[in-house]
Amino acid sequence: MAGNLSFVLRAVKDVAFEDRAKPKLRDHHDVIVHVSQTGICGSDVHYWQRGRIGNYILTGPMVLGHESSGVVAEVGSLVKHLKVGDRVAMEPGVPCRRCSHCKGGRYHNCGEMIFAATPPWDGTLAKYYVNASDFCYKVPDSMDMEESAMVEPVAVACAINKTADVRAHQTVIVMGCGPIGILSQAVAKQSGAKKVIGVDIVQSRLDLAAQYGADETFMPPRPEPGVEPIVHAERVAGLIREKFNLDDGADVVLECSGAEACIQMGIFATKPGGTFTQAGMGKENVLFPITHVCTQALVIKGSIRYLNGCYPAAIDLISSGKINVKRLITNRYKFEQAEEAFELVRQARQDVFKVMIEGVQ
Ligand SMILES: NC(=O)c1ccc[n+]([C@@H]2O[C@H](COP(=O)([O-])OP(=O)(O)OC[C@H]3O[C@@H](n4cnc5c(N)ncnc54)[C@H](O)[C@@H]3O)[C@@H](O)[C@H]2O)c1
Ligand SMILES: OC[C@H](O)C(O)[C@@H](O)CO
């Protein structure tokens, strides 16, 4: 027994359990974490089904998973803030720390980032995972290991809000009410937003959004036959503005679906001079109302993963009870059932929201 049971994507649509070698400390600042819980993200399923996201292409076997919590099992000799037995949430991307992006405080733009379960880097669905100690955040006793794994999507939502610079008294529209959309709505509300509107085409997701951060929800009507999608998007944005008395639009739109229609509606629903932030990842290229962006002097931003401070902020939001992540977890699996868990997420059933896989004992 090598001692590190791992859930490995060997090729597209081909997963298997492998008993791999236990990872070793790579330098004196590393820790080895015994993984406790891992949430499944759409990107994990995407690599399993298609083998690529953008320029990240699966070229060899890769361990899946990146939304994990765990218990510190081993510490490097220079690690000061963690000890064996500490419970941590793991930030799954470690930048190079040397490039102009890292040195400029924008480590999310680092081109040399080692990111769990992004080819060629192995992910966290293994008994043990080696990580840089400063990317492991001790969680308070009040948080259990599932909540600690949910720090990852909450940190994504914090980064989206921070990128968009959501402030008190603003009106915020969030396109998409999946985990990222709903958590972005909750973070927007915690940032002081006056009115948060969640948009989705699935009623159960709108219902959940209404129990979280959304003050209002909206289901876009289907396009009438023969109406160009972009014309439909502009009309729907008009309906949203009218229904919620937004006058000339929302201060901020957070796009958390990746759907082309949502991107277009979101642009048209942003007020002149307002900020549209893209976080959803769907089609790589879409029809984009660029003249509207120009004539309305919109601010367009992109958000990827986390910014500095988002992990600690997410831990505070969860541990203080301001965001209840437990209610988002609908299904739980043992490690040995990982493929079943992935299959459930692939089916995109309406009653399935966040799926957790327990670590190897
Ligand atoms: N930028 C980042 O760092 C980052 C991190 C994690 C996930 N993501 C991306 O964010 C997006 C959301 O992630 P998620 O886990 O919540 O995914 P999800 O698939 O669970 O949620 C997407 C939601 O959008 C809704 N939707 C789809 N088409 C729509 C339409 N035409 N109109 C209205 N609603 C529509 C769906 O019903 C669903 O509820 C994904 O594209 C994901 O890849 C980005
Ligand atoms: O939450 C982090 C995201 O899932 C990843 O960045 C992925 O979607 C792209 O590599």
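Residues numbered from 1 in each chain as written. Chains lettered and ligands numbered in written order. Predicted model: local features only at pLDDT ≥ 70, side-chain atom pairs only at ≥ 80, totals over all residues. Heavy atoms only, no water.

1. With respect to the sheet that holds strand β15 (residues 216–218)
Taken together, six strands build an open sheet; the order of strands is β15-β14-β13-β16-β17-β18 and the sheet is parallel. Each of the sheet's edge strands pairs with one partner strand only, and the pair in question is β15 and β18 (299–302). When strand polarity is set aside, the average angle formed by the axes of neighbouring strands in this sheet is 20°. As judged from the five bridges shared by strand β13 (residues 171–175) and strand β14 (residues 195–199), these two strands associate in the parallel manner. By the bridge assignment, V174 is partnered in β14 with G198. Its contacts with the sheet put helix α6 (residues 203–211) on β14 and β15, and the angle it makes with β15 is roughly 165°. (Pairing = 2+ DSSP bridges. Helix = DSSP H or I, 4+ residues; strand = E, 2+ residues; numbered from the N terminus. Axes fitted to C-alpha atoms, helices over the stretch in contact; angles between N-to-C directions. Contact = heavy atoms within 4.5 Å.)

2. Topic: the site of ligand 1
Near ligand 1 you find 20 residues, and of these D200, R205, M281, S303 and R305 are the closest. Contacts to ligand 1 include S303, whose backbone N or O atom sits 2.8 Å from a nitrogen atom. Coverage of ligand 1 by the protein chains reaches 77% of its 860 Å² of free accessible surface. Looking at the shell around ligand 1, its residues break down into 12 nonpolar, five polar and three charged. (Near = heavy atom within 4 Å. Polar contact = N/O pair within 3.5 Å; in protein donor to acceptor, adjacent residues only side chain to side chain. Areas by Shrake-Rupley, 256 points an atom, 1.4 Å probe, with all protein chains shown as cover. Nonpolar A, V, L, I, M, F, W, Y, C, P; charged D, E, K, R; others polar.)

3. Some words on the nonpolar core
Among the nonpolar cores identified, the biggest contains 58 residues, and V154, V172, L254 and I323 are the most heavily contacted of them. Within the residue set of this core, elements represented by two or more residues are α4 (151–164), β13, α5 (179–190), α6, β16 (250–255) and α10 (310–319). Of all the elements, α4 adds the most residues to this core, at nine residues. The residue makeup of this core includes at least three contributed by each of domain 1 (3–138 + 325–358) and domain 2 (156–302). Aside from chain neighbours lying at most four places away, what touches I323 is V154, L183, A186, V187, Q190, Y212, L317 and I318. (Core = buried A, V, L, I, M, F, W, Y, C linked by side-chain atoms within 4.5 Å. Buried < 20%, exposed > 50% of the residue type's maximum accessible area, 1.4 Å probe, protein only. Domains from an automatic or database assignment.)

4. Side note on the domain arrangement of the chain
One frequently used descriptor of interface size is the decrease in accessible area upon assembly of the parts. Domain assignment breaks the chain into domain 1 (3–138 + 325–358) and domain 2 (156–302). For domain 1 versus domain 2, the separation of C-alpha centres amounts to 29 Å. Residue-level contacts link eight residues of domain 1 with 12 residues of domain 2. Each partner contributes to the roughly 890 Å² buried at the junction of domain 1 and domain 2, and carbon and sulfur atoms together form 59% of this total. Looking only at domain 1, the three residues that lose the most surface to domain 2 are R327, L328 and F353, adding up to 61% of its buried area. Counting the contacts that link domain 1 with domain 2 gives zero salt bridges. At the boundary of domain 1 with domain 2, the tally comes to two residue pairs in polar contact (both at pLDDT 80 or more). The residue makeup of the side of domain 1 that touches domain 2, split by class, is four nonpolar, two polar and two charged. (Buried area = accessible area lost by both parts, 1.4 Å probe. Salt bridge = Lys/Arg side-chain N within 4 Å of Asp/Glu carboxyl O.)

5. Examining the packing of helix α1 (residues 42–50) against helix α11 (residues 338–346)
Viewed as axis vectors pointing N to C, α1 and α11 meet at an angle of 95°, and their least axial separation amounts to 10 Å. If you check the angle between α1 and α11, you find them roughly perpendicular. Residues D44, V45, W48 and Q49 of α1 touch α11, and the partners they reach there are F342, E343, V345 and R346. (Parallel < 35°, antiparallel > 145°, perpendicular 65-115°, else oblique.)

6. A short note on helix α8 (residues 260–269)
Taking burial as the measure, the 10 residues of α8 include eight buried ones, the bulk of the element. Those residues of α8 lying buried are C262, I263, Q264, M265, G266, I267, F268 and A269. Residues of α8 that are buried sit in contact with β13, α7 (229–243), β16, β17 (270–278), α9 (290–295) and β18.

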